[in-house]
Amino acid sequence: MRWNSAILFIVTLAAGLIELAGGLKGEAVFQLFPSDVFGGLVMLTISAVFLRGLTHREHYAFYEFGSLILLTFSILYILVMLANGLDAVIVGEEWSIVDDLRIEMILLPLAIPGTSRLIKERRELPP
Amino acid sequence: MRRLHNLKPGTKAIVLDIVGNSTLAKKLLGMGLTKGVELKVVRNAPLKDPMEIEVRGYSLSLRKAEAENVIVEVREK
Amino acid sequence: MDFVSELAVARYEKIGEIVGKCVERVEKPKTFSDIIDTVVTDKYVGIPIFLALMWAVFQFAYSVSAPFSDAIDVFFSWCGDIASGIENSYVASFLSDGFFGGWGFVLVFLPPIAFVFIALTILEQTGYLPRAAFVVDRAMTKVGLQGKSFIPMLLGFGCNIPAIMATRTMEDDVDRKITIMVNPLMSCSARLPVYVLFAGVFFKEVAGAVVTSMYLLGILLAAIMATLFRKFIFGGKPSPLLMELPPYETPTLRSVLMNAWGKTLIFLKKAATILFIGAIIMWFLTTHPWDATNGGELIENSYASMIGHAVEPIVKPFGLDWTAGVALVGGFMAKEIVVGTLGMIYGVGEEGVADVIPQHFTPASALALMAITLIYVPCLATIGILRQELGSWKWTAFVVAYELVLAYVVAGIIYGIAVGLGVA
């Protein structure tokens, strides 16, 4: 599990830095990494949670909750994408799905093992 | 004589008395901080205030300024 | 010890007696809540996690709800277009701009309110909401507020209407009142077009910094006013933050939707009427006297414009003329209208405004206008929601009054400094 945490830490750190750099520069650095200061800071926060878990006595807690936040944002950005698409139809503007695809959606599968462990603990442990 | 706000996380203590402003004292009593009850300091918030204690089987959060009015006797660290 | 204290002690003695008979205490095992709390109240990542989750709430409340608001807007504009075809131009104007325009104006607030409450109910039912207050309380008490004020203040950056309704998660009456009263100072997204226009025209290279400083000015003023209100109106004492941190639960879809629906219904039943009447009054003021405005087309001859002219002597010291006055009167309906109103008065439309405003404003007076737009009065819809949530016209009037005075003072100071530094 420390390995999982370590991998997720590096991936989210990289994604966060690229988004943040793009946000400060005013244009996206790579496709899939929007120029988004707050989005970048969110990813850096998630990476900090995984990092904190690496040295913490209860490292699995950080691994699981970090995964949950990552999953939350993956789903949130999918919802935002759907909303933008729907909005374009309603207002009658052009919209391409490519503009709203972002790295967090692709990282969604990586968030599942940790989140399912969390759900399992929810069932097995007293509240 | 120790006051609750000075206790470190992990400390267990017995409430000896509630002092100070009566409105606050009533609220503290209402939340179960009566004389003789045992409590345990669970943690401080990231900015050191408020604190979380465990009392009567539930978790209660209160500010340090409020905890200052609770006189306690330390049982174990 | 007084009676109430005796009562509390006796009550807990009885509880202890009963619990002792029927509950067997074992050493408390590790719980699910312990695991979550280890992370969310961690001294290093606790606050960043809190901020990240708040950002998720903000995005969900405003980005995801946007198509629903737009659909409502499009629908009522469509109704208005049909109504504007009516032969009798007075009836046509009333129906399209007053009636349908008014309902569109009211109902576009439903989606963000519903989405805010979906997000807040999820946080509340999982048990995270009290932890959020626990984590941020210290920082918020420094500025006269408390932990639970954070979410309503943050939501204010989107729109003050759902933000003020979000104070319903606060139990303490004084804390809730203060949070509501300073909420309009959080610069909602409707004020952004005004900043962008003026900062873009007058402060080209540093436009971004000027816009950001308007937001920071709002936060600063909210902190100052909250502190002053607590000190001078509510007796100065912070309300205690004694709250249970309940075990974490999994929310159910049904209860989340029911709760969000209930809160949305409160808005529909109470505030919607006030807002609709306000919209009709604004329609009347901008289209009457009917003949002089040529059937609502020449806003510069309307009652709204007369009010704007009447305001001119008041704003003149800041280098502002009657056009700014009229725009501000229009902005009372909704602050983004300031730009559109200027376009109408100058007869250039919304797109041409940027080219003509240098003739009517200087950089210093532009700064003054931006500050006034930020502060002057809560928009019409916010006044409706203030009335609903504060529960009295007296408090609502107080908010309007303090904001007017504050806007005047702050705009004066900013104009003075800008002129002094030679910006004008």
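Residues numbered from 1 in each chain as written. Chains lettered and ligands numbered in written order. Predicted model: local features only at pLDDT ≥ 70, side-chain atom pairs only at ≥ 80, totals over all residues. Heavy atoms only, no water.

A. Representation of the overall build of chain A. Of regular secondary structure, chain A possesses 6 helices and 0 strands. By its C-alpha atoms, chain A is 50 × 30 × 20 Å across when sized along the principal axes. The 127 residues of chain A split such that 48% are buried. Within chain A, contacts between residues at least 6 apart in sequence are counted, and of these 65% link residues at least 24 apart. Of the roughly 6,400 Å² that chain A leaves accessible, carbon and sulfur atoms contribute 68%. (Helix = DSSP H or I, 4+ residues; strand = E, 2+ residues; numbered from the N terminus. Buried < 20%, exposed > 50% of the residue type's maximum accessible area, 1.4 Å probe, protein only. Contact = heavy atoms within 4.5 Å. Areas by Shrake-Rupley, 256 points an atom, 1.4 Å probe, with all protein chains shown as cover.)

B. Highlighting the pairing of strand β6 (residues 70–76) of chain B. Residues and elements named next belong to chain B. Sheet topology note: the strand β1 (residues 2–3)/β6 ladder contains 2 bridges and is antiparallel. Bridge assignment links R2 to a residue of β6, and that residue is V72. Note: strand β2 (residues 12–18) against β6, 6 bridges, orientation antiparallel. For I18, the partnering residue across the bridge sits in β6 and is V70. (Pairing = 2+ DSSP bridges.)

C. The arrangement of the interface of chain C and chain A in detail. Tallying the contact residues gives 32 residues for chain C and 31 residues for chain A. Together chain C and chain A conceal approximately 2,800 Å² of surface at their shared face, both sides included; 76% is due to carbon and sulfur atoms. Taken as a group, F32, I35 and W55 of chain C account for 21% of the area that chain C buries against chain A, more than any other trio of residues on that side. Our count for the contact surface shared by chain C and chain A stands at 3 salt bridges. Connecting chain C to chain A are 6 residue pairs in polar contact (both at pLDDT 80 or more). For the side of chain C that touches chain A, the elements supplying multiple residues, two or more each, are α2 (32–40), α3 (46–62) and α4 (66–83) of chain C. Residues that form the side of chain C that touches chain A fall into these classes: 22 nonpolar, 6 polar and 4 charged. (Buried area = accessible area lost by both parts, 1.4 Å probe. Salt bridge = Lys/Arg side-chain N within 4 Å of Asp/Glu carboxyl O. Polar contact = N/O pair within 3.5 Å; in protein donor to acceptor, adjacent residues only side chain to side chain. Nonpolar A, V, L, I, M, F, W, Y, C, P; charged D, E, K, R; others polar.)

D. How the structure looks around the side chain of T373 of chain C. All names here are of chain C. Of note, T373 is situated in helix α18 (residues 363–375). The buried category is assigned to T373, whose relative accessible area is 0%. Non-local contacts of T373, meaning those with residues more than four positions away in its chain, are made with R191, V194, L328 and K335.

E. Just empty space enclosed by the protein, in detail. Residue and element names in this part refer to chain C. A complete count under the given rule lists 2 cavities of 30 Å³ or more for this structure. Approximately 80 Å³ is the volume attributed to the largest cavity. Lining the largest cavity are F50, L120, L129, A132, A133, G147, K148, F150, I151, P152, A166 and T169. For the lining of the largest cavity, the secondary structure elements donating two or more residues are α7 (128–141) and α8 (150–155). Here the residues of the lining of the largest cavity sort into 9 nonpolar, 2 polar and 1 charged. (1 Å grid on protein atoms, 1.4 Å probe; cavity = no way out; pocket = protein on both sides within 12 Å on 5 of 7 lines; lining within 4 Å. Points joined across faces, edges and corners; volume = space filled by probe spheres on them.)

F. How the structure looks around the environment of L51 of chain C. When you line up the elements, L51 of chain C lands in helix α3. Along the backbone, L51 of chain C and M165 of chain C are 114 residues apart, and their C-alpha atoms lie at a distance of 20 Å.

G. Up close: the sheet that holds strand β5 (residues 58–62) of chain B. Across the sheet, which stays open at both edges, the 7 strands sit in the order β1(B)-β6(B)-β2(B)-β3(B)-β4(B)-β5(B)-β1(C) with antiparallel pairing between neighbours. What marks the edges here is a single partner per strand, and that holds for β1 of chain B together with β1 (243–244) of chain C.

H. Structural context of helix α3 (residues 59–91) of chain A. Taking 1.5 Å as the rise per residue, α3 of chain A with 33 residues should run 48 Å; its terminal C-alpha atoms sit 48 Å apart, in good agreement. A positive backbone phi angle near 80 degrees is found at G92 of chain A, which sits one or two residues after α3 of chain A. (Expected span 1.5 Å × (residues − 1).)

I. Representation of the nonpolar core within the structure. Formed by 165 residues in total, the largest nonpolar core has its most connected members in I49, Y128, F198 and F267 of chain C. Residues in contact with F267 of chain C, not counting those within four places in the same chain, are V106, F109, L110, I113, I161, M165, A272, L275, I385 and Q388 of chain C. Membership of the second largest hydrophobic core comes to 24 residues, among which are L7, A25, L28 and V41 of chain B. (Core = buried A, V, L, I, M, F, W, Y, C linked by side-chain atoms within 4.5 Å.)

J. Spatial organisation of the packing of helix α1 (residues 2–25) of chain A against helix α2 (residues 37–55) of chain A. Residue and element names in this part refer to chain A. At a minimum axis distance of 7 Å, the contact between α1 and α2 shows a crossing angle of 155 degrees. The angle between α1 and α2 places the two elements in the roughly antiparallel class. Where α1 crosses over α2, the two elements pack in a sense that is left-handed. Of the residues in the contact of α1 with α2, the class split is 16 nonpolar, 8 polar and 2 charged. (Axes fitted to C-alpha atoms, helices over the stretch in contact; angles between N-to-C directions. Parallel < 35°, antiparallel > 145°, perpendicular 65-115°, else oblique. Left-handed = near helix turned anticlockwise from the far one by under 90°.)

K. Main features of the environment of G158 of chain C. All names here are of chain C. Structurally, the position occupied by G158 is in the loop between α8 and α9 (160–165). Overall, G158 belongs to the buried group, its relative accessible area being 9%. Considered as a pair, G158 and R138 are 20 residues apart in the sequence and their alpha carbons are 24 Å apart. Setting aside chain neighbours within four positions, we find G158 in contact with F58, Y62, C188 and S189.

L. Looking closely at the interface of chain C and chain B. Across the contact, 31 residues belong to chain C and 28 residues belong to chain B. Interface area, chain C with chain B, both sides summed: about 2,600 Å², of which 62% is carbon and sulfur. It is Y12, F134 and L242 of chain C in chain C that bury the most area against chain B; as a group they hold 28% of the surface buried on that side. The interface formed by chain C and chain B holds 3 salt bridges in total. We note a salt bridge from D37 of chain C to R43 of chain B, for which the minimum N-O separation is 4.0 Å. In this structure, the connection of chain C to chain B is made through 7 residue pairs in polar contact (both at pLDDT 80 or more). Of all elements in the fold, only α1 (3–22), α2, α3, α7 and β1 of chain C reach the threshold of two or more residues within the side of chain C that touches chain B. If one sorts the elements of the side of chain C that touches chain B by residue count, α7 of chain C sits on top with 6 residues. A class-by-class count of the residues in the side of chain C that touches chain B yields 14 nonpolar, 7 polar and 10 charged. Bridge analysis of β5 of chain B against β1 of chain C gives 2 bridges, and the strand direction is antiparallel. By the bridge assignment for β1 of chain C, S61 of chain B is matched with M243 of chain C.

M. Examining the packing of aromatic side chains more closely. Across all of its chains, the model carries 29 aromatic pairs over all chains by this definition. Aromatic side chains F73 of chain A and Y77 of chain A sit 5.9 Å apart centroid to centroid with 50 degrees between the ring planes, which places their arrangement in the tilted category. Taken together, the positions of F73 of chain A and Y77 of chain A, both in helix α3 and 4 residues apart, correspond to about one turn of that helix. Both residues of the pair, F73 of chain A and Y77 of chain A, belong to the buried class. Joined through ring pairs, the aromatic side chains of F229, F234, W395, F398 and Y402 of chain C make up one cluster. The ring centre of F32 of chain C lies 5.8 Å from the NZ or CZ of R122 of chain A, which sits over that ring. (Phe/Tyr/Trp six-rings, centres within 6.5 Å; stacked < 30°, edge-to-face > 60°. Lys NZ or Arg CZ within 6 Å of the ring centre and 35° of its normal.)

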